[in-house]
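# Structural characterization, general
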Amino acid sequence: MSASVSASAASDGAEHLDVLVVGAGISGIGAGRHLAVEHPGRSFAILEARDGCGGTWDLFRYPGVRSDSDLYTFGYAFKPWRHRESIARGPQILDYLRETVREHGLERHIRYRRRVVGASWSTERARWTVEVEHTGTGERTVLTCGWLFCAAGYFRYDRGHTPHFAGLDRFAGPVVHPQHWPADLDHGGRRVLVVGSGATAVTLVPALAERAAHVTMLQRTPTYVMPVPRRDAVAVLLRRVLGERRGHALARRRNIAKQHAVWAFCRRHPGAARRIIRRANVRRLPPGYPVDEHFRPPYDPWDQRLCAVPDGDLFGAIGSGRASVVTDRIERFTEHGVRLASGRELAADVVVTATGLEVRPFGGIPLRVDGVAVRPAGTVAYKGVMLSGVPNFVYAIGYPNASWTLKVDLLCAHFGRLLAHMDRHGHRICRPEVADPGMPLRPLLDFAAGYLRRAADLLPRQGDRAPWRTPSGYREDARLLGAGPVTDPELHFSS
């Protein structure tokens, strides 16, 4: 909040809401639906800085953009996925989210082009004072709320991560980051160089190869890539036999169990998992292809996220000759391509830097509690949904090793039960506090992905015991958030 606006003065006469949700993406829409259905008497609004809802799925427009999780688990528990494809393309997911908005009357609660620039909590007034900027006019207004629900995810929407590449400014053609794909970029008949090897890169390569003269995926280190069916025949059968809702629910439970089983197997038996993944790659690639050079990472499966390729489309593009993989380090860019550390030169007409995300926790919103600035890295995550010392604040961050939305459904339901508990007992304030100041701490998301390692000093920490240890997956969270009590000795209530 700007220094000129005090929390008490700014909130006088300001519109007050019971819950203010920041972000109208998959998490914010889910939170809005739970509030509308389970707490119809509560006032709430969803603030969205962009012109439309959908979050990531409205922002990302690069060719082939899709989920890398099946939509029976990446979709909501309360809304069946109706498409035949379970690994869905971006426009299908965006339609699904906007249909959810229409079905539950959420449009009237969403306020577009509203960016939160600061939020200040007052214990005396038992409320947040939130400063909001209209992104079109620059006008600033103030809202107050009893609860602040941050559904802004953890990466920056205004820019992606691009490391320094020597000579990149010398390259004569377009240089594009997938997060901001130009609508007028024509790659047809051109040589495209995709720098990166993560989920975005393996999605882009086969999609671009449909029209490009050739696509080269240039990676410094290989990633585990696993072919998966684009359609889930069992889920389709279950919906046909049991009906849409029961079939969806059963398919969801089945796929949750399958996700967990794959992850657990990879962690317990990394050597066997490596061999299985390698065999799957060999079957899909041309005879004699150097699989170990380009598809054998130096780490174990699920140290970083596995890249799923629907129907093996990446391998198909490589097998057809329309795409290739090069594993090497960039020495420098030239006017017409890139020179590698090995001395090899790659020619290109278009460069795509699929080099990852830039993390910004809680939408980059500066928070203050009773006049004191909150430093996220100085807080500890409570059950993976609240922050120590920060009252009436909830955030939505999904799983790095499973479908994001599984966490959102659980935490929204838990939040609803917490609100009901506070109503029954006349509480207005809820604040997690760490009882043991000597508790060992570790990173919030204990995952080796580059974008998380780069942001380790920006994110909250987690402890080594409940309720401060963030559950690593859906099963543990279902016990903690779904079936467990909303009260805890280290969660303090007051009126």
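Keep in mind it's a predicted model, so treat the numbers as computed, not measured. (Residues numbered from 1 in each chain as written. Predicted model: local features only at pLDDT ≥ 70, side-chain atom pairs only at ≥ 80, totals over all residues. Heavy atoms only, no water.)

## A closer look at the overall build of the protein
When its secondary structure is counted, the protein shows 14 helices and 25 strands. Whereas a compact globule of 495 residues would reach a radius of gyration of roughly 23 Å, the protein reaches 24 Å, a difference of no more than 12%. The C-alpha extent of the protein, read off along each of the three principal axes, is 70 × 55 × 50 Å. Nonlocal contacts in the protein, meaning residues at least 24 apart in sequence, comprise 72% of its contacts between residues at least 6 apart. The averaged location of the 49 negative side-chain charges in the protein is 5 Å from the averaged location of its 68 positive side-chain charges. (Helix = DSSP H or I, 4+ residues; strand = E, 2+ residues; numbered from the N terminus. Rg over C-alpha atoms; globule rule 2.2 N^0.38 Å. Contact = heavy atoms within 4.5 Å. Lys, Arg positive; Asp, Glu negative; His and termini not counted. Charge placed at Lys NZ, Arg CZ, Asp CG, Glu CD.)

## A closer look at the packing of aromatic side chains
All told, the structure shown has 18 aromatic pairs when counted by the stated rule. Relative to F295, the ring of Y289 lies with its centre 6.3 Å away and its plane at 45°, an arrangement referred to as tilted. Of the residues examined, Y289 reaches a relative accessible area of 18% and is grouped as buried. Accessibility expressed as a relative area gives 4% for F295, which makes it buried. In this structure, R33 packs its charged tip against the face of F78, placed 4.1 Å from the ring centre. (Phe/Tyr/Trp six-rings, centres within 6.5 Å; stacked < 30°, edge-to-face > 60°. Buried < 20%, exposed > 50% of the residue type's maximum accessible area, 1.4 Å probe, protein only. Lys NZ or Arg CZ within 6 Å of the ring centre and 35° of its normal.)

## Some words on the state of the cysteines
Scanning the model with the defined rule gives zero disulfides in all. With no disulfide of its own, C145 lies 12 Å from the sulfur of C150, the closest cysteine sulfur. (Disulfide = S-S within 2.5 Å.)

## Brief notes about the packing of helix α6 (residues 199-209) against helix α11 (residues 313-320)
At a minimum axis distance of 8 Å, the contact between α6 and α11 shows a crossing angle of 45°. Compared by their axis directions, α6 and α11 come out oblique. Two packed elements cross with a definite hand, and for α6 against α11 that hand is left-handed. In contact with V202, V205, P206 and A209 of α6, α11 contributes D313, L314 and A317. Of the residues that constitute the contact of α6 with α11, the class distribution is six nonpolar, no polar and one charged. (Axes fitted to C-alpha atoms, helices over the stretch in contact; angles between N-to-C directions. Parallel < 35°, antiparallel > 145°, perpendicular 65-115°, else oblique. Left-handed = near helix turned anticlockwise from the far one by under 90°. Nonpolar A, V, L, I, M, F, W, Y, C, P; charged D, E, K, R; others polar.)

## A short note on the pairing of strand β1 (residues 15-22)
Two elements, β1 and strand β6 (residues 140-150), share seven bridges in a ladder whose sense is parallel. Following the sheet pairing, V21 is matched in β6 by F149. Sheet topology places β1 next to strand β2 (residues 44-48); four bridges connect them, and they run parallel. Counted as the bridge partner of L20 is A45 from β2. Each parallel crossover has a hand, and for β1 linked through helix α2 (residues 26-38) to β2 it is right-handed. (Pairing = 2+ DSSP bridges. Right-handed = clockwise from strand over helix to strand, strands pointing away.)

## A look at the pattern of salt bridges
Think of it this way: side chains of opposite charge can pair up when their charged atoms draw near. Under the counting rule described, the total for this entry stands at 35 salt bridges. A salt bridge links D58 to R98, with the nearest nitrogen and oxygen atoms 3.0 Å apart. Here D58, found in helix α3 (residues 56-59), pairs with R98, found in helix α5 (residues 90-103); they are 40 residues apart in sequence, far enough to count as distant. Taking the relative accessible area as the measure of exposure, D58 reaches 6% and is therefore buried. (Salt bridge = Lys/Arg side-chain N within 4 Å of Asp/Glu carboxyl O.)

## Details of the confidence of the model for the protein
For the protein, mean pLDDT is 93; residues scoring 70 or higher make up 96% of the total. Note on residues 1-9: pLDDT is under 50 here. Beyond four places in sequence and across chains, it has 14 contacts. (pLDDT = per-residue confidence, 0-100.)

## Digging into the sheet that holds strand β7 (residues 175-176)
Strand order in the open sheet made by the five strands is β7-β16-β8-β9-β12, with parallel pairing throughout. Edge strands, defined here as strands with exactly one partner in the open sheet, are β7 and β12 (323-327). Pairing analysis gives five bridges linking strand β8 (residues 191-195) to strand β9 (residues 214-219), with the strands arranged parallel. Pairing of V194 across the sheet is with M217, part of β9. In the packing of α6 onto the sheet, the strands contacted are β8, β9, β12 and β16 (350-353), and the crossing angle to β9 comes to about 165°.

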